[in-house]
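# Structure at a glance
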Number of protein chains: 2
Amino acid sequence: MSQNVQTDVAIIGAGPIGLSAIFACGHLGMRCHVVEALSDVGGQCTALYPEKPIYDIPGFPSITAADLIARLVAQGRPFAPHFHLGRQAVKLTRAGDVLSLELSDGSTITARAVIIAAGGGAFGPNRPPLADIERLEGTSVHYWVKDAAVFSGKRIVIAGGGDSAVDWAIALAQHARSVTLVHRRDRFRCAPASLQKLDALRLSGRIALKVPYQLAAFQAETGKLEAIQISHLDGQREWLEADHLLAFFGIVSNLGPLRDFDIDLSGEQILVDPLTMETSERAVFAVGDVAQYSGKQPLIVTGFAEAVTAARAAYDRVFPGRPFHFQHSTDRGAPQLNVEACKVDTAPITAARTAASIET
Amino acid sequence: MSQNVQTDVAIIGAGPIGLSAIFACGHLGMRCHVVEALSDVGGQCTALYPEKPIYDIPGFPSITAADLIARLVAQGRPFAPHFHLGRQAVKLTRAGDVLSLELSDGSTITARAVIIAAGGGAFGPNRPPLADIERLEGTSVHYWVKDAAVFSGKRIVIAGGGDSAVDWAIALAQHARSVTLVHRRDRFRCAPASLQKLDALRLSGRIALKVPYQLAAFQAETGKLEAIQISHLDGQREWLEADHLLAFFGIVSNLGPLRDFDIDLSGEQILVDPLTMETSERAVFAVGDVAQYSGKQPLIVTGFAEAVTAARAAYDRVFPGRPFHFQHSTDRGAPQLNVEACKVDTAPITAARTAASIET
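Cut-offs and rules
Residues numbered from 1 in each chain as written. Chains lettered and ligands numbered in written order. Predicted model: local features only at pLDDT ≥ 70, side-chain atom pairs only at ≥ 80, totals over all residues. Heavy atoms only, no water. Helix = DSSP H or I, 4+ residues; strand = E, 2+ residues; numbered from the N terminus. Expected span 1.5 Å × (residues − 1). Buried < 20%, exposed > 50% of the residue type's maximum accessible area, 1.4 Å probe, protein only. Least-squares fit on C-alpha atoms with pLDDT ≥ 70 in both. Contact = heavy atoms within 4.5 Å. Domains from an automatic or database assignment. Axes fitted to C-alpha atoms, helices over the stretch in contact; angles between N-to-C directions. Parallel < 35°, antiparallel > 145°, perpendicular 65-115°, else oblique. Left-handed = near helix turned anticlockwise from the far one by under 90°. Pairing = 2+ DSSP bridges. Salt bridge = Lys/Arg side-chain N within 4 Å of Asp/Glu carboxyl O. Polar contact = N/O pair within 3.5 Å; in protein donor to acceptor, adjacent residues only side chain to side chain. Arc of directions from axis to C-beta. Right-handed = clockwise from strand over helix to strand, strands pointing away. Phe/Tyr/Trp six-rings, centres within 6.5 Å; stacked < 30°, edge-to-face > 60°. Lys NZ or Arg CZ within 6 Å of the ring centre and 35° of its normal.

Below, the discussion takes up helix H1 (residues 16-27) of chain A. Residues lying three or four places apart along an α-helix face the same way, a consequence of the helix completing one turn every 3.6 residues. Residues and elements named next belong to chain A. For H1, which comprises 12 residues, the first-to-last C-alpha distance of 17 Å matches the rise-based estimate of 16 Å (1.5 Å per residue) to within 8%. In terms of burial, H1 is a largely internal element, 12 of the 12 residues being buried. If you check which residues of H1 are buried, you get Pro-16, Ile-17, Gly-18, Leu-19, Ser-20, Ala-21, Ile-22, Phe-23, Ala-24, Cys-25, Gly-26 and His-27. Positive backbone phi, at 85°, marks Gly-29, one or two positions downstream of H1.

Set out below in structure tokens:
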């Protein structure tokens, strides 16, 4: 699916603010391509709290995050945005006034402006604090379950104390050779019904509980996991033979590859001029939670206005020298439905696709 | 209805941005009193284009101005705002950190912060360019019709070329002694059906048309109107005996008394610091179309975010020294419906009440 496409504005992030930027750009006559690391649009609204009501979007006394996203998608649709889902923007280069955004699938988007609406950044798993653990990821160390069948007949160590850890311990106990659940506290944060099932499986010997224990080390001299060392809070250590480790330590978000974009940062945020939302890099804008300036409030409505500001400033980069004629939407009339349908590319396999199933 | 009330924040203007400021303040624990020159909430949305669809409010692919206003009112209701309708804010004074806002009905609102969301300013009639005409206003010179019965059996001169002028000429022709319609052009801007009625009444002698004529002078030696002088575009003048003049020259908006608030202006707008929306006067904020700063875009969504910014900055003025704990509405939960109902005071007679019926 690798491709090279050209557009007016490349938007990074399809959360609520990135989606609103599609309309803001479209209203000013600019076409957009949108890159999203997750496998669906909506950002945190979709991945973390789709059913949670939001009360502070003006005009909506109460709206669920999922409904807000659906409405923003519909609002942008007339401008036929092209979505690249399940891909990360990994590199930004410039040739004169043309910006090139390289995606994780090898595609390139060239544009006259880039609007970064990356929210808290790309989502990923919280890794266990075990040096060199990365080399086992996807083979014998896992942060989500893609296919439960691979654990059949195996010795499984599951680490974590929330719903994901408990529910997978219960589910895998049926077919695994052994399941050991390790948690650094002696209490689990999960549904009461799950706790009852867990206790029953512990009594019947199908699940071994190790609490309060932490992961301390691993042994994998053959290139695949052989054993996990755990340490009790009192310092006592023991080894557990294991074919697979499943660690459910929640998700974390960070700027990821955006860190290397050569734009001024403040921690995990991007510094912008609040009057234009332009970053330290010409024609590169940041809006929403990822953008930082004095007095910034991380609210959706603030991000909406920032997207409008960025679109206005992007106009001068996309159409240099073209006069800007301000027009209210009431005077301009309904957005024209573009004949070209809204395009969505999804990556065949993405880490992002399953991130939402990770414990939060 | 004159009264002295105390609150946290006094909001001037109940248009979409003023209404959104009620929620923004309420969310941070601040109570509001709202002053509105018109007899209804909604500002231009209600007075000028209630049925017009708006396309650029994020989350609403299309919404009529009236519907947006209804939703904003509902969203602010849990915070029990107190509305003072049909009154202008005429004077702002300060005693230390306490601001006093004097209203046109003699009431006073004392508050720790004032948020001016006056849009294009207060609406009022475009007056005819006749020196000293003000002294006859409300007795024999009118810019809207409060009670058609007062024109019964009288000689009426109506000036204007739009729907209001034509429709009132038709309506009053039935009971007035005479109706003369004066317009500076020879074409009327009105519904075709009205034009047909007007022509029929002209042919039957119930309405005299004077086009293209302008108002030139008036005679009122007894203290009430006696005659109106009109001038043809070729310079020819004539006097019309008249008991009443109805002038429908549209509405105009301006800062009005806000001009005297001792805050820095730029034309008909108020200069603010875009990071706080504070004006040159401490604890006095301006948001929405009335606020001006570099790069300002006069969009409703921009005003929404400005209201949030102003509310956050007002918090520090209303609760000096109190720490601010940021909280998303999703975490805070549904706004508590205040036991005290939302209060609305309407002035008994207001210019504002009829402004919407004036030709635009």
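Overlaying chain B with chain A gives an RMSD of 0.5 Å, the required rotation being 178° about an axis along which the chain moves by 0.1 Å. Put plainly, the chains are arranged around a two-fold axis. Among all residues of chain B, the minimum C-alpha distance to the rotation axis is found for Ala-305 of chain B, at 3.1 Å. The fraction of interface residues of chain B whose copies in chain A are also interface residues reaches 100%, indicating that both copies meet through the same surface.

Bringing the domain arrangement of chain A into the picture now. Here chain A is described as being made up of domain 1 (4-123 + 252-358) and domain 2 (127-249). Computed from C-alpha atoms alone, the centre-to-centre distance between domain 1 of chain A and domain 2 of chain A is 38 Å.

Residues and elements named next belong to chain B. Across the interface, helix H1 (residues 16-27) lies against helix H3 (residues 65-76) with an axial gap of 8 Å and an inter-helix angle of 20°. By the angle class used here, H1 and H3 are roughly parallel. H1 and H3 meet at a crossing whose hand is left-handed. Packed against H1, whose contacting residues are Pro-16, Leu-19, Ser-20, Ile-22 and Phe-23, the element H3 presents Ile-69, Leu-72, Val-73, Gln-75 and Gly-76 at the interface.

All names here are of chain A. Strand order in this open sheet of 5 strands is S12-S19-S13-S14-S15, and the pairing throughout is parallel. For this open sheet the edge positions go to strand S12 (141-142) and strand S15 (207-210), each flanked by a neighbour on one side alone. Bridge analysis of strand S14 (residues 178-182) against S15 gives 4 bridges, and the strand direction is parallel. Within the sheet, the bridge partner assigned to Val-179 lies in S15 and is Ile-207.

Each partner contributes residues to the interface: chain B has 39 residues there, and chain A has 39 residues. Our count for the contact surface shared by chain B and chain A stands at 0 salt bridges. In this assembly, chain B and chain A are joined by 16 residue pairs in polar contact (both at pLDDT 80 or more). Elements with a minimum of two residues in the side of chain B that touches chain A: strand S4 (53-54), H3, helix H6 (300-318) and helix H7 (329-332) of chain B. No other element matches the 7 residues that H6 of chain B contributes to the side of chain B that touches chain A.

As a further point, take helix H5 (residues 192-203) of chain B. Residues and elements named next belong to chain B. For H5, built from 12 residues, the straight-helix expectation of 16 Å at 1.5 Å per residue is met to within 8% by its first-to-last C-alpha distance of 17 Å. Among all positions in H5, only Ser-194, Leu-198 and Leu-201 are buried. In an axial view of H5, the angular spread of the buried residues amounts to 65°, which keeps them on one side of the axis. Exposed residues pointing more than 90 degrees away from the buried face of H5 are listed as Pro-192, Gln-196 and Leu-203. Against the buried residues of H5 lie helix H4 (163-172), strand S14 (178-182) and strand S15 (207-210). Once H5 finishes, Gly-205 follows within two positions and takes phi at roughly 80°, a positive value.

Here we take up the pairing of strand S13 (residues 155-159) of chain B. Residues and elements named next belong to chain B. Of all 5 residues that make up S13, 5 are buried, and the element is covered over most of its length. Side-chain alternation along S13 places Arg-155, Val-157 and Ala-159 on one buried face and Ile-156 and Ile-158 on a second face that is also buried. Pairing geometry for S13 and S14, over 5 bridges, is parallel. The partner of Ile-158 across the bridge, within S14, is Leu-181. Traced from S13 through H4 to S14, the parallel crossover comes out right-handed. Looking at chain direction, S13 and strand S19 (residues 244-247) are connected through 4 bridges and run parallel.

What follows is about the packing of aromatic side chains. Residue and element names in this part refer to chain A. One pass over the full model with this rule turns up 7 aromatic pairs over all chains. Ring centres of Phe-23 and Phe-79 lie 5.5 Å apart, and the angle between their planes is 70°; this geometry places the pair in the edge-to-face category. Taken together, the residues span a long stretch of sequence, with Phe-23 in helix H1 and Phe-79 in the loop between helix H3 (65-76) and strand S6 (82-85) at a distance of 56 residues. As far as the burial class goes, Phe-23 and Phe-79 line up, both buried. With a centroid separation of 5.1 Å and 80° between ring planes, the pair formed by Tyr-315 and Phe-324 is classed as edge-to-face. On the basis of relative accessible area, Tyr-315 is assigned to the buried category, the value being 7%. The partly exposed category is assigned to Phe-324, whose relative accessible area is 24%. Within the aromatic cluster, the residues linked to one another by ring pairs are Tyr-315, Phe-319 and Phe-324. Taking NZ or CZ as reference, Arg-322 lies 3.8 Å from the ring centre of Phe-319, over its face.

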